[in-house]
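Given next are the chains, with one letter for each unit.
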Amino acid sequence: MSTQKTIRREAGTVEENALRLDQEKAEQVVEALNVDLAASYVLYHQLRKHHWNVEGAEFNDLHEFLGEKAEEAEAAADELAERAQALGGVPVSGPANLEEHAPVEFEGEDVYDIRTSLENDRELYGDVIESVREHVGLAEDLGDYATSELLREILEDLEDAAHEVDHYLEDDTLVLESATK
């Protein structure tokens, strides 16, 4: 175990970066990335919770779908954290810091029926989409085109996932009405 006690980079700071993005602009972009990073982890944990707890006739499809979407949210969080680090920032981490930075809230520990869970997921996706969309514009306005492009790609994936959740919530089903009583 390491006995090193020297802090190499203090959380919440942004140092000069090799990407030559102005320090003040980098600070704004890193803050936005940390907000979206925190939101991605809230989304990840909620999707993973639903993946674990899904039941019913569509169990297998929904279990796989929610697991895939959770993995996508985690992969997006990793990309956001790596970009924040590349810009000289310290990616937000740890439950308390993630909760503090997230513009969204986890639905809680209770287990809901799958329709309610998916409705909560659709709402959370919408909130995360709004945050990322706003930050695409911020990065673009600040001349950080690479971050803007990264956020656009993440936004497209989020929108696709929200659209898929919406399809699961449609009222057309192969499940017999008698099976839902």
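Everything in this summary refers to the structure shown in the same document. Source: prediction; values computed, not measured.

### Observations regarding the overall build of the protein
Here is step 1 of the chain: Counting secondary structure elements, the protein contains five helices and zero strands.
Here is step 2 of the chain: Along the protein, helices and strands appear, N-terminal first, in the series α-α-α-α-α.
Here is step 3 of the chain: With the C-alpha coordinates aligned to their principal axes, the bounding extent of the protein is approximately 65 × 45 × 20 Å.
Here is step 4 of the chain: Put simply, the protein has 181 residues, and 40% of those count as buried.
Here is step 5 of the chain: Long-range contacts, defined as pairs at least 24 residues apart, comprise 79% of the intrachain contacts of the protein with a sequence gap of at least 6.
Here is step 6 of the chain: In the structure as shown, the protein presents an accessible area of about 11100 Å², 46% of it carried by carbon and sulfur atoms.
Here is step 7 of the chain: Computed over 14 positive and 47 negative side-chain charges, the inter-centroid distance for the protein is 5 Å.

### Let's talk about the nonpolar core
Here is step 1 of the chain: The biggest cluster of nonpolar side chains holds 46 residues, and the ones touching the most others in it are Leu33, Leu43, Val104, Tyr125, Val128, Val132 and Leu158.
Here is step 2 of the chain: Going through the elements one at a time, helix H1 (23-53), helix H2 (59-86), helix H4 (114-141) and helix H5 (145-168) are the ones with two or more residues in this core.
Here is step 3 of the chain: No other element matches H1, which puts 11 residues into this core.

### Focus on the packing of H2 against H4
Here is step 1 of the chain: Look at H2 against H4: their axes get within 13 Å of each other, and the N-to-C directions meet at 25°. With respect to each other, H2 and H4 are oriented roughly parallel. Here the hand of the crossing between H2 and H4 comes out left-handed. Taken together, the residues of H4 that come into contact with H2 (itself represented by Leu62, Leu66 and Lys69) are Ile114, Leu118, Asp121 and Tyr125.
Here is step 2 of the chain: Taken together, the residues of the contact of H2 with H4 break down into five nonpolar, no polar and two charged.

### Details of the environment of Tyr41
Here is step 1 of the chain: Turning to its location among the elements, Tyr41 is positioned in helix H1.
Here is step 2 of the chain: What makes Tyr41 partly exposed here is its relative accessible area of 24%.
Here is step 3 of the chain: Residues within four places of Tyr41 in sequence aside, it is in contact with Ala77 and Leu98.

### Examining the pattern of salt bridges
Here is step 1 of the chain: On inspection of all chains with the given rule, the structure shows eight salt bridges.
Here is step 2 of the chain: A salt bridge links Lys49 to Glu107; the nearest nitrogen and oxygen atoms lie 2.6 Å apart. Within this pair, whereas Lys49 is found in helix H1, its partner Glu107 is found in the loop between helix H3 (95-101) and H4, the two being separated by 58 residues in sequence.
Here is step 3 of the chain: Here Lys49 falls in the buried class, since its relative accessible area comes to 7%.

### Let's talk about the packing of H1 against H5
Here is step 1 of the chain: Running from N to C, H1 and H5 point in directions that differ by 20°, and their axes come no closer than 12 Å. The angle between H1 and H5 falls in the class roughly parallel. Note that H1 runs across H5; the crossing there is left-handed. Contacts between H1 and H5 involve Val29, Leu33, Asp36 and Leu43 from the former and Thr147, Leu151 and Leu158 from the latter.
Here is step 2 of the chain: Looking at the contact of H1 with H5 residue by residue, the class counts come to five nonpolar, one polar and one charged.

What counts and what doesn't
- Residues numbered from 1 in each chain as written.
- Predicted model: local features only at pLDDT ≥ 70, side-chain atom pairs only at ≥ 80, totals over all residues.
- Heavy atoms only, no water.
- Helix = DSSP H or I, 4+ residues; strand = E, 2+ residues; numbered from the N terminus.
- Buried < 20%, exposed > 50% of the residue type's maximum accessible area, 1.4 Å probe, protein only.
- Contact = heavy atoms within 4.5 Å.
- Areas by Shrake-Rupley, 256 points an atom, 1.4 Å probe, with all protein chains shown as cover.
- Lys, Arg positive; Asp, Glu negative; His and termini not counted.
- Charge placed at Lys NZ, Arg CZ, Asp CG, Glu CD.
- Core = buried A, V, L, I, M, F, W, Y, C linked by side-chain atoms within 4.5 Å.
- Axes fitted to C-alpha atoms, helices over the stretch in contact; angles between N-to-C directions.
- Parallel < 35°, antiparallel > 145°, perpendicular 65-115°, else oblique.
- Left-handed = near helix turned anticlockwise from the far one by under 90°.
- Nonpolar A, V, L, I, M, F, W, Y, C, P; charged D, E, K, R; others polar.
- Salt bridge = Lys/Arg side-chain N within 4 Å of Asp/Glu carboxyl O.

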